[in-house]
Every structure is written in C-alpha cells, then in structure tokens.
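# Summary of the model geometry
As a plain string of letters, each chain reads:
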Amino acid sequence: METNFKAVILDFDGTIADTRSLIVRTMRQTIAELALPSRTDDECAAMIGLPLKQTFTDLIPMDDATGDRCAEVYRRLFFENNVPGAVPMFPGVKDMICRMHAAGLLVTIASSRLRGSLKAFVDEMGLEPYIPYILSVSDVEHAKPAPDMVEKTLAEYNLRPEEAVVVGDTMFDIRMAHAAGVKAVGVTYGNGSRESLAEARADWIIDSFSGLEGIV
C-alpha cells in the first residue's frame, strides 16, 4: 500500500463500529425514563458524534441541570445495554486497519466517546496492537467539531497537517479535520448522510472502509 499520508485519524462510532442501534436505544430509554418529549430513531441518530450531554441538549430544549441528568441516566443505561457483542465492527474495518499499520501508517482514534468505554471497545475488538494513540472527548478542552483532537494528535507525533487525514461518518468529523487544516474522508455507511458529508465539504466520500485503499 503506497501512501502520501503518515497518519490516519479515525472516528469510532459509525466509522469503526456500528454503535447506532445501541446508542439510539439507550437515548430513547433515557428520554422515556426522564419523561422528556419523545424523539425518533433518526432524530436521535443525527446527534451521534457530539459530546454526550450535548446530544440531549441539542435534541430537546432543556436546562443545563436536565442535560446533566440525561448524561447520568444514559451512562447507567448504556452500561446495562452494552453486553458483549452488542457493538460489531463494520465489514472490512479490522483488515484495513491491520493493512494500514503494516504499511507503516500511524493509525489513531479521535472520538466523542468517553475514554473508559472507548478503550474498552478498542480492547474488546482486538485493535489495541494497531492503534497506539486514542483521544476521547475527556482528553481535550473542546469537543468536535473543534480541531483540538486533531491538533493534539499532530503535536504528539510532530506531524504537519498535510501528513494526516481524518476519517469519519458525520459533518462534525469533517469540520474538525478542516478546522485543523487536515483533509477528511467521509464514510456513508455510518450515521451521517452523503448529502451532509458533501455539504461539509469532505475531500473524499466512500461507501465502505476498504475504500480508503485508493486514498491512503
């Protein structure tokens, strides 16, 4: 595999792993438990990629304290729902990550997920040997679409923006990449639409993770 990049910075939810059903179910359970106005699966899924509290405060008008309560209830329910095997990787993801690693590319993760659950998923999926650096929302001051996670990754490995590419499924990933001066690949199989990725000006849009073959 020939590459013009030195690093590939991956989103997790909707890019590496199919967490949509687990997240949406847990969001709707949280909303029901707190007797908040109901939202559809698609409305909940559109929030994936934002920090946890913001997924609720952007979804339903509420005060700050209610947003905190939503995050608290969600974490409890997510722990209960996240049984082994509940979150599969998308087809071809592990193979492609292994191939990128073998080709000498630095493969990292930049996720809006909290570090504990992110690290647990990476370990459970056997990705730890191939992904030496992961950043969660709790590791930076500003969450996506701010550039903090990309900039921190570049600084950690002394990379220039043109030496890295971000891969994600939502407009938040694309905007994060561009805010850091980095090119971005949008994947259509996750939680964002092709239209939203195009609107965010993704540099490439691919329909499967293996489509990275022709980019990196």
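Residues numbered from 1 in each chain as written. Predicted model: local features only at pLDDT ≥ 70, side-chain atom pairs only at ≥ 80, totals over all residues. Heavy atoms only, no water.

### Quick word on the side chain of asparagine 81
Take asparagine 81: it is sitting in helix α4 (residues 64-81). When its relative accessible area of 12% is taken as the criterion, asparagine 81 is described as buried. Of the polar contacts made by the side chain of asparagine 81, one reaches the side chain of threonine 26; its length is 3.0 Å. One polar contact links asparagine 81 to glutamine 29, side chain to side chain, over a distance of 2.8 Å. What asparagine 81 contacts, discounting residues up to four positions off in sequence, is Leu22, Arg25, Thr26, Gln29 and Ala86. (Helix = DSSP H or I, 4+ residues; strand = E, 2+ residues; numbered from the N terminus. Buried < 20%, exposed > 50% of the residue type's maximum accessible area, 1.4 Å probe, protein only. Polar contact = N/O pair within 3.5 Å; in protein donor to acceptor, adjacent residues only side chain to side chain. Contact = heavy atoms within 4.5 Å.)

### Focus: the sheet that holds strand β3 (residues 133-135)
Overall, parallel pairing links the 6 strands, which are arranged β3-β2-β1-β4-β5-β6 in an open sheet. Single-partner strands in this sheet number two, and they are β3 and β6 (204-206). In this sheet, adjacent strand axes meet at a mean angle of 20 degrees when their direction is disregarded. Strand direction decides the pairing type here: strand β1 (residues 7-10) and strand β2 (residues 106-110), joined by 4 bridges, are parallel. Along β2, the bridge assignment pairs valine 8 with valine 107. (Pairing = 2+ DSSP bridges. Axes fitted to C-alpha atoms, helices over the stretch in contact; angles between N-to-C directions.)

### Here we look at the environment of isoleucine 215
Checked against the element boundaries, isoleucine 215 lands in the segment after β6. Not counting residues within four places of it along the chain, the set of residues in contact with isoleucine 215 comprises Phe5, Val185, Trp204 and Ile206.

### Thoughts on helix α6 (residues 115-124)
Of the positions making up α6, those classed as buried are Leu118, Phe121 and Val122. Projection of α6 onto a plane perpendicular to its axis shows the buried side chains occupying an angular sector of 100 degrees, all on one side. Along its buried surface, α6 packs onto α4, β2 and β3. With its phi angle positive at about 70 degrees, glycine 126 sits one or two positions after the end of α6. (Arc of directions from axis to C-beta.)

### Section: the packing of aromatic side chains
Overall, the coordinates contain 7 aromatic pairs when judged by the stated rule. Geometrically, the ring pair formed by tyrosine 74 and phenylalanine 78 is stacked, given 5.7 Å between the ring centres and 25 degrees between the ring planes. Of this pair, tyrosine 74 and phenylalanine 78 both sit in helix α4, 4 residues apart, which is roughly one turn of that helix. Here the two residues tyrosine 74 and phenylalanine 78 agree in accessibility, since each one is buried. Ring centres 6.4 Å apart and planes at 90 degrees place the aromatic pair phenylalanine 78 and phenylalanine 121 in the edge-to-face group. Here phenylalanine 121 lies in helix α6 and phenylalanine 78 lies in helix α4, a separation of 43 residues in the sequence. According to the relative accessible area criterion, phenylalanine 121 is buried, its value standing at 2%. Among the aromatic residues, those joined into a ring-pair cluster are Phe12, Phe56, Tyr74, Phe78 and Phe121. (Phe/Tyr/Trp six-rings, centres within 6.5 Å; stacked < 30°, edge-to-face > 60°.)

### Section: the nonpolar core
With 51 residues, the main nonpolar core has Ile16, Ile97, Met100, Leu212 and Val216 as its most contacted residues. Looking at this core, the element that brings in the most residues is helix α1 (residues 20-33), giving 5 residues. Those residues in contact with leucine 212 that sit more than four places away from it in its chain are Met96, Met100, Val167, Val185 and Ile206. Residues Val140, Val182, Leu197 and Ala202 belong to the second largest nonpolar core, which totals 22 residues. (Core = buried A, V, L, I, M, F, W, Y, C linked by side-chain atoms within 4.5 Å.)

### Some points on the packing of helix α3 (residues 52-59) against α4
For the pair α3 and α4, interaxial distance at closest approach is 8 Å and the crossing angle is 125 degrees. On the basis of their axis angle, the class for α3 and α4 is oblique. Between α3 and α4 the crossing geometry is right-handed. Taking contact as the criterion, the partners of Leu52, Lys53, Phe56 and Thr57 in α3 are, on α4, Asp64, Gly67, Asp68, Cys70, Ala71, Tyr74 and Arg75. Of the residues that constitute the contact of α3 with α4, the class distribution is 5 nonpolar, 2 polar and 4 charged. (Parallel < 35°, antiparallel > 145°, perpendicular 65-115°, else oblique. Left-handed = near helix turned anticlockwise from the far one by under 90°. Nonpolar A, V, L, I, M, F, W, Y, C, P; charged D, E, K, R; others polar.)

### Here's the deal with the pairing of strand β5 (residues 183-187)
Counting buried positions along β5 gives 4 out of 5 residues, so the element sits mostly inside the fold. The handedness of the strand β4 (residues 164-168) to β5 crossover, carried by helix α8 (residues 171-179), is right-handed. Both β5 and β6 contribute to a ladder of 3 bridges, which runs parallel. Considered in β6, the bridge of glycine 186 is made with isoleucine 205. (Right-handed = clockwise from strand over helix to strand, strands pointing away.)

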